[in-house]
Amino acid sequence: MTRVDERFSEAARRLLQHGFLEADVPGAQVRPRWEDGVPARTKYLPQQVFSYEPGEVPLIHYRRIAWKTAIRELLWIYQDHSNDVQLLKEKYNVHYWDSWQDEKGTLGTAYGYQIAKRFRSPENGEMTNQIDRLIHELRTNPLNRRLFMTLLDMDDLADMTLIPCAFMTLWTVTENRLNCTLIQRSGDFLAAASPGGINAFQYYVLLRMIAQVTGYQPGQFVHFVQNLHIYDRHEAILRKVLEVDVSDKRLPELKINPERKEFGDFREEDFELIGYEPDRTAYSIPIAI
């Protein structure tokens, strides 16, 4: 069993057994609902931190994580700088955000909209965007302690069809390694935010990409989730997932085309996952809206 699988199992059992019930909070109002209109209630754990060592690919074997889809969505946000749900479907065949698109087919001022925004660099006063500033500073001023990217802008919250869950990354260089912390305000354990889930893998890939184009080795990846929850209609599915035997599984390896030296040059086919052999049971996981 891998350390990633161990952390998934431990976090899942802790959440199921000791998670706080939303219904127990006085005056609580539940925002998300299922498609039939019933409130989607959860058990939750506050302030969960999961850490991955260099080279430790955060993917579980208990069930198959759609790792290619994770990369496609990552490229859509950080390379295309897009909030266009139609582009995500037509270019990458990803349909995750269909339920949140507005009348224009976008997510409003969310996700790639924030990466596309231009601003004056606090370092040199030149106009830039978040991804370009990060890469420039890592190349020229790696000890800068103000290296972060955020998908939240308070002025834009009201015009976001969904306020991003995984919304900030923090970056630090130690010797020849680049380290990244992902901060997530809220996380659906089964669908996305667990140890070894799609959110963790996605931002591990971003760390690998940024490290490659700035000349560093990938370092530690840390994933912080403020509210990690399991929905009521997911509990039975999660208990079934935990019955899978992963005792003989080994850590997969992610290979990235070493010829890519600029962030905008990466393509989906540049990523190869070796030795990933998850359980192939298909689960129908309802998504709360």
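Caption draft 1: Layout of the overall build of the protein chain. Of the regular secondary structure elements, the protein chain holds eight helices and eleven strands. Compactness check: the protein chain gives a C-alpha radius of gyration of 19 Å against a globular reference of 19 Å for 289 residues, within 12% of the reference. Seen through its principal axes, the protein chain has C-alpha atoms that stretch 50 × 45 × 35 Å. For the protein chain, the residues scored as buried account for 52% of the 289 residues in total. Accessible surface, the protein chain as shown: approximately 13900 Å² in total, 47% of it carbon and sulfur. Both charge centroids of the protein chain, one from 35 positive and one from 41 negative side chains, sit 2 Å from each other.

Caption draft 2: Layout of the side chain of asparagine 83. Note on placement: asparagine 83 falls in the loop between α2 (67-78) and α3 (85-92). For asparagine 83, the contacting residues outside a window of four places in its chain are Trp76, Gly105, Thr106, Leu107, Gly108, Ala110, Gly112 and Tyr113.

Caption draft 3: Main features of the nonpolar core. By size, the foremost hydrophobic cluster in this structure holds 81 residues, and its most contacted members are Tyr78, Trp171 and Ile210. No other element matches the twelve residues that helix α7 (residues 198-214) contributes to this core. Once residues lying within four places of it in the same chain are set aside, the contact partners of tryptophan 171 are Leu134, Leu147, Phe148, Met149, Leu178, Asn179, Cys180, Leu206, Leu207 and Ile210.

Caption draft 4: Layout of the pairing of strand β6 (residues 166-174). In terms of strand pairing, strand β5 (residues 148-150) meets β6 through three bridges, oriented antiparallel. For methionine 149, the partnering residue across the bridge sits in β6 and is threonine 169. Looking at chain direction, β6 and strand β7 (residues 177-184) are connected through eight bridges and run antiparallel. Counterpart to tryptophan 171 in the pairing with β7 is cysteine 180. Where β6 folds back onto β7 in an antiparallel hairpin, the turn is made up of two residues, including glutamate 175, whose phi is positive at roughly 55°.

Caption draft 5: Summary view of the pattern of salt bridges. What the rule picks out here adds up to 15 salt bridges. In this structure, aspartate 98 engages lysine 89 in a salt bridge whose closest nitrogen and oxygen atoms are separated by 3.9 Å. In this structure, a network of salt bridges that share partners links the residues Arg3, Arg7 and Glu56.

Caption draft 6: Fine view of unusual backbone geometry. One non-glycine residue, glutamine 47, lies in the positive phi region at around 50°. Its location among the elements puts glutamine 47 in strand β2 (residues 42-52). The backbone of tyrosine 111 sits at a positive phi, close to 55°, despite the residue not being glycine. Of note, tyrosine 111 is situated in the loop between α3 and α4 (112-116).

About the thresholds
Residues numbered from 1 in each chain as written. Predicted model: local features only at pLDDT ≥ 70, side-chain atom pairs only at ≥ 80, totals over all residues. Heavy atoms only, no water. Helix = DSSP H or I, 4+ residues; strand = E, 2+ residues; numbered from the N terminus. Rg over C-alpha atoms; globule rule 2.2 N^0.38 Å. Buried < 20%, exposed > 50% of the residue type's maximum accessible area, 1.4 Å probe, protein only. Areas by Shrake-Rupley, 256 points an atom, 1.4 Å probe, with all protein chains shown as cover. Lys, Arg positive; Asp, Glu negative; His and termini not counted. Charge placed at Lys NZ, Arg CZ, Asp CG, Glu CD. Contact = heavy atoms within 4.5 Å. Core = buried A, V, L, I, M, F, W, Y, C linked by side-chain atoms within 4.5 Å. Pairing = 2+ DSSP bridges. Salt bridge = Lys/Arg side-chain N within 4 Å of Asp/Glu carboxyl O.

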